[in-house]
Amino acid sequence: MSPHSRRQILTVLALLGLGCPGPMATAQEAAPSPIRAQPLAPGTPVAEPVATARPAPIDPSGPAKEDLLAYADLLFSREQYALAARQYQLFLQQFPRSPNAQSGWFRLGECYLQVGQAEDAATTFRYVVEAYKQGAFVGSAAYRLAVLKYNAKDFAGAIPSFISAVAHLSNAEARLQAEFYLARCYQLADKPAEAVKAYESVAAAKAPDPNAAATWKNPFRERSLLEIARLQYDVGKAPEAFIKFEELAKTAETAEYRDEAYARAGLLAAEMGDPVKSNEYLSKALTAEGDSPWKSLATVGLIFNHFTRGEYREVLAVYSASTIDAPEDTRPKMLLIVGHSHRLTDNLKAALETYELVEKNYRDRPEGAEAGYRRLQCLSQMGDAGLITYIGSYIDQQRAIDPSSEFIDLALLMRAEWHFAKAQAAASESKTDEAGNHYAEGAVDYAKVRGDKIPEKYLEPRLYKLGWCQAESGDNSGAVVTLSEFLRAFPKSELQPSALAKRAETYQSIQDYSAALADYRDIIDRFPEARETEYALQQAALIHGQRREVPEMVATYRELLEKFPNSSAAPEAHYWIGVGLFDQEKYAEAVTELIAAREADPELFGPKASLRIILCHYQSENLDALATEASAYLKAAEKDPKQPVIPPQVLSYLGSKLYERQEFAGAEPFLAAASTPTEPANTSSEVWDMLGQTRMKLGRHADAIEPLNHFLSMTQRPSLRAMIQLHLGQCYLATKDFEKAGASARDSLTSLKEGRTNAEARLLLGDIAAAQGDHAAAAREYLVVSQIFVDPEITPLALHRAALSFRQTGDAAKATELETQLRTGFPGFKQPAADR
């Protein structure tokens, strides 16, 4: 091939932009020639650039200047770049205005580039661009200059040269290549908007030859679409990125690009909330041939998709079917999701194994920290006896690795919850000490939890339970502070009424009743539908009662009954309303409430309410109702000795009133209950007297002796002593204790020398003698009374019994005399039934 033809071919190659290294390759680092090419000063005058796209033909037989150029081209073609550079320099020095000077300068730059003089090459190419502005080699020189900056990673510096190359390259394919790398420079120089615009221009390029449009393929279209999609995703334009990835997925012929488009379109669809399309594209990515890295990413994406949708069994199915390892950066997170899916499908054993795998291999990573915590969750669900020990060990390890980890706080929260649950269980079984210990431990852990480290949903219950634990473990001041903070921090919480109730309880325990009452009233007023409202009304009423605020207590209990008629506290409410009304001397109203309390809960309020009812009837002097209630109460007391006693004054009052009404059978139980036989001095003499008299009236003479003796010991008045001694004698007579009967009768005569009692004592002596069969002695005693004591009752009785006694002795005459005297003096006398 002639040098001329060789030079023309090289010129054409240069014009096409195909003779230079691609932007992604580094410039050739050839060993420097022993004959170094000397740079030619760019200031050497040059001819005006020709307007043609190709240099003028060179005739080998032409002038000497063309011979120099042809010889330089020959050396260039034989890769003797240093020698060629000297020839190009001679040519340009001797013939600076040659029409082929632009070609000479470009080739000189090429020689510098080939011998490793990149700086000289850049200077020369820049001269071509700046000096000639246009021409066949301006575009190529600009491209070469851009490539040098590109390979030096001066992407921003390469942009103007690529712009110039695009503007001056006449070959469409070379120009398209320059435009593509212009877009790359924008991208690498962090100018996404300019990069997207340039890539879009490249992707939209048409065939240079319209006649060949059907067969022409844009070599940069697929890569441009991919980079557009990546850029749009990076700047947060997910929908736009998805459109490009989807377009690429449908049209790309390059497997590498298509696989990435499938995977990333699938991931973006999931991000945009379209799980159907997401699964469609991710599934296609899994069909890629070979070991495409996008297969593993698609597998991870499908696993994430199913997990996000709560399709835990599908997660496990995809994971089990996968034969490709996930990328190392996503593997621990994917394994975590697999563990979660096992746990959420109740396969705790498999979940535990998966979490242990992640924890063992990635302990220093966030996924390892979470896996350790989730393992604790599984152990908790499995009821593992060593849970608390494991939690403590985990917390210590995680603090050593990353003291700021949120999983430390979640583990503390888990342990606090465990203690809280144990405390609640112990409290329900009345194991007070055990419950208190767990509440105290729970309070410590709840307090250690850092609020900024746990999910927001846990902040509210954590602060609430901390206050609860403090209250139950005896830290009253801490409980008040914590519960107050909870009420301030969570004003709309559903736990507000409960927190108020617990704080009110705490105030009660430290006897701050005003504060407690304020909290209970707050619940009542602001949360009328809360379940704590019933409790608040009850406690508020009790506080009013404790403070002797009777009207307020009654009103609050009535409010409780009105709002909660079926309340378990209804019996209590009725009882204390009754007590309050009693204190207000509204006895009739009080009785109604007390009866309601007794009927609603007889076991708890039966005796107490009955006693109050008795007192109401006593105060209102409702004797019949009082007798009925008191009688029933005393019968119940016989079965339950621990039952509170009716006040003695009430019993005395009731017994005396019935005694006055001569209802002796009714009076006796109350008088007996009012007495204190073991401590006689504690019972009034009147009660002893009435009890003795009542029992005598009832024919219970033996039972009458004791109270009569007690009465006798408590009085010194002769008349009273004579009367009691008389009664004692009558009782002894009735029990056939004639010796004591006679002694009592004689004591009565001694105590009182005259009067009715004296006469009755003498009658008694006669009765005693008659009972012993000594009718003569009896006749004497009766005769004395009949003759010396005049009384409309005693005198005729004495005459009658004297006559009977004389008749028993055989003295019929005396008996007849006395009977005549009886008929004459007392015609209306009727002998006692006992004498018939």
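The model shown is predicted, which means the values in this text are computed figures rather than measured ones.

A.B. asks: Even after reading the chapter, I still don't get the overall build of the protein, so can you show me in this structure?
C.D. replies: Helices and strands together make up the secondary structure of the protein, namely 41 helices and 0 strands. For a compact globule of 836 residues, the expected C-alpha radius of gyration is about 28 Å, and the protein comes in at 61 Å, more than 25% above that figure. Projected onto the principal axes, the alpha-carbon positions of the protein cover approximately 210 × 50 × 45 Å. Counting all 836 residues of the protein, 49% fall into the buried class. Counting every atom, the protein has about 40600 Å² of accessible surface; 51% of that belongs to carbon and sulfur. In the protein, 90 positive and 110 negative side-chain charges are present, and the distance between their average locations comes to 4 Å.

A.B. asks: Which parts of the structure should I look at to understand the nonpolar core?
C.D. replies: In globular proteins that are soluble, nonpolar side chains generally tend to be buried together. Among the nonpolar cores identified, the biggest contains 158 residues, and Phe245, Tyr394, Tyr520, Ile646, Leu654 and Phe670 are the most heavily contacted of them. It is helix α20 (residues 406-428) that contributes the most residues to this core, 11 residues altogether. Residues Tyr88, Val128, Ala174 and Cys185 belong to the second largest nonpolar core, which totals 62 residues.

A.B. asks: Just checking my understanding: could you explain the packing of aromatic side chains for this structure?
C.D. replies: Aromatic ring pairs are reported here in terms of the distance separating the ring centres and the angle at which the planes meet. Taken as a whole and assessed by the stated rule, the structure comprises 27 aromatic pairs. With centroids separated by 6.4 Å and ring planes inclined at 85°, the aromatic side chains of Tyr150 and Phe162 adopt a geometry described as edge-to-face. Of this pair, Tyr150 sits in helix α6 (residues 138-151) while Phe162 sits in helix α7 (residues 155-168); the two residues are 12 residues apart in sequence, bridging distant segments of the chain. Phe162 sits in the buried class, given a relative accessible area of 0%. Where Phe180 meets Tyr181, the ring centres are 5.0 Å apart and the plane angle is 85°; that geometry is what we call edge-to-face.

A.B. asks: Is there a simple way to think about the packing of helix α32 (residues 648-660) against helix α33 (residues 664-674) in this case?
C.D. replies: Angle between the axes and distance between the axes are the two parameters that describe a pair of packed helices. Contact pair α32 / α33: the axes reach a minimum separation of 8 Å and the direction vectors enclose 155°. Comparing the axis directions of α32 and α33 gives the class roughly antiparallel. For α32 against α33, the interelement crossing comes out left-handed. In contact with Pro648, Leu651, Ser652, Leu654, Gly655, Ser656, Leu658 and Tyr659 of α32, α33 contributes Phe664, Gly666, Ala667, Phe670, Leu671, Ala673 and Ala674. When its residues are assigned to classes, the contact of α32 with α33 shows 11 nonpolar, 4 polar and no charged.

A.B. asks: Looking at this structure, how should I read the layout of surface pockets?
C.D. replies: Take a probe with the size of a water molecule and roll it over the atoms, and the empty space left behind shows itself. In this structure, the largest pocket encloses a volume near 740 Å³. For the largest pocket, the lining is made up of 25 residues, of which Asp767, Tyr782, Leu797, Arg801 and Asp835 are closest to its centre. Per-element tally for the lining of the largest pocket: the top contributor is helix α38 (residues 756-771), with 7 residues. Residues that form the lining of the largest pocket fall into these classes: 14 nonpolar, 5 polar and 6 charged.

A.B. asks: Just to check I follow, could you spell out helix α29 (residues 587-600) for this structure?
C.D. replies: Structurally, the α-helix is built with 3.6 residues per turn, so residues lying three or four positions apart point the same way. Over its 14 residues, α29 runs 20 Å from end to end, which matches the ideal 20 Å to within 8%, given 1.5 Å per residue. Residues of α29 that are buried: Tyr587, Ala590, Val591, Glu593, Leu594, Ala597 and Arg598. Contacts made by the buried residues of α29 are with α28 (570-583), α30 (602-619) and α31 (623-639).

A.B. asks: How should the pattern of salt bridges be read in this particular structure?
C.D. replies: Opposite charge on two side chains lets them pair, provided their charged atoms get close. For the coordinates displayed, the defined rule picks out 46 salt bridges. In this structure, Asp583 engages Arg548 in a salt bridge whose closest nitrogen and oxygen atoms are separated by 3.0 Å. You can see Asp583 sitting in helix α28 and its partner Arg548 sitting in the loop between α26 (531-546) and α27 (550-563), a full 35 residues away along the chain. Classification of Asp583 by relative accessible area gives partly exposed; the value is 34%. Classification of Arg548 by relative accessible area gives exposed; the value is 56%.

A.B. asks: Could you clarify how one ought to interpret the packing of α32 against helix α34 (residues 685-697) in this entry?
C.D. replies: Where α32 contacts α34, the two axes come as close as 11 Å, and the packing angle between them is 45°. In terms of axis orientation, α32 runs oblique to α34. α32 and α34 meet at a crossing whose hand is left-handed. Here α32 contributes Ser652, Ser656 and Tyr659 to the contact with α34, which in turn contributes Val687, Met690, Gln693 and Thr694. Residues that form the contact of α32 with α34 fall into these classes: 3 nonpolar, 4 polar and no charged.

A.B. asks: Would you mind going over the confidence of the model for the protein with me for this structure?
C.D. replies: When pLDDT drops low, the exact placement of atoms in the prediction is not to be read closely. The share of residues in the protein with pLDDT of 70 or more is 92%, and the mean pLDDT across the chain is 88. Note on residues 1-62: pLDDT is under 50 here. Beyond four places in sequence and across chains, it has 120 contacts.

A.B. asks: How do you make sense of unusual backbone geometry when you look at a structure like this?
C.D. replies: Working note: non-glycine residues mostly have negative phi, and peptide bonds are mostly trans. Here the phi dihedral of Glu79 falls at roughly 65°; this positive angle occurs in a residue that is not glycine. Note that Glu79 resides in the loop between α2 (64-77) and α3 (81-94). With a phi close to 55°, Glu621 is a non-glycine residue in the positive phi region. Among the secondary structure elements, Glu621 is positioned in the loop between α30 and α31.

A.B. asks: Can you walk me through the side chain of Thr715 in this structure?
C.D. replies: Tracing the backbone through its elements, the reader meets Thr715 in the loop between α35 (701-713) and α36 (718-734). At a separation of 3.5 Å, a polar atom in the side chain of Thr715 contacts the main-chain amide nitrogen of Arg717. Not counting residues up to four positions away in its chain, the partners in contact with Thr715 are Leu720 and Arg721.

The rules behind each value
- Residues numbered from 1 in each chain as written.
- Predicted model: local features only at pLDDT ≥ 70, side-chain atom pairs only at ≥ 80, totals over all residues.
- Heavy atoms only, no water.
- Helix = DSSP H or I, 4+ residues; strand = E, 2+ residues; numbered from the N terminus.
- Rg over C-alpha atoms; globule rule 2.2 N^0.38 Å.
- Buried < 20%, exposed > 50% of the residue type's maximum accessible area, 1.4 Å probe, protein only.
- Areas by Shrake-Rupley, 256 points an atom, 1.4 Å probe, with all protein chains shown as cover.
- Lys, Arg positive; Asp, Glu negative; His and termini not counted.
- Charge placed at Lys NZ, Arg CZ, Asp CG, Glu CD.
- Core = buried A, V, L, I, M, F, W, Y, C linked by side-chain atoms within 4.5 Å.
- Phe/Tyr/Trp six-rings, centres within 6.5 Å; stacked < 30°, edge-to-face > 60°.
- Axes fitted to C-alpha atoms, helices over the stretch in contact; angles between N-to-C directions.
- Parallel < 35°, antiparallel > 145°, perpendicular 65-115°, else oblique.
- Left-handed = near helix turned anticlockwise from the far one by under 90°.
- Contact = heavy atoms within 4.5 Å.
- Nonpolar A, V, L, I, M, F, W, Y, C, P; charged D, E, K, R; others polar.
- 1 Å grid on protein atoms, 1.4 Å probe; cavity = no way out; pocket = protein on both sides within 12 Å on 5 of 7 lines; lining within 4 Å.
- Points joined across faces, edges and corners; volume = space filled by probe spheres on them.
- Expected span 1.5 Å × (residues − 1).
- Salt bridge = Lys/Arg side-chain N within 4 Å of Asp/Glu carboxyl O.
- pLDDT = per-residue confidence, 0-100.
- Polar contact = N/O pair within 3.5 Å; in protein donor to acceptor, adjacent residues only side chain to side chain.

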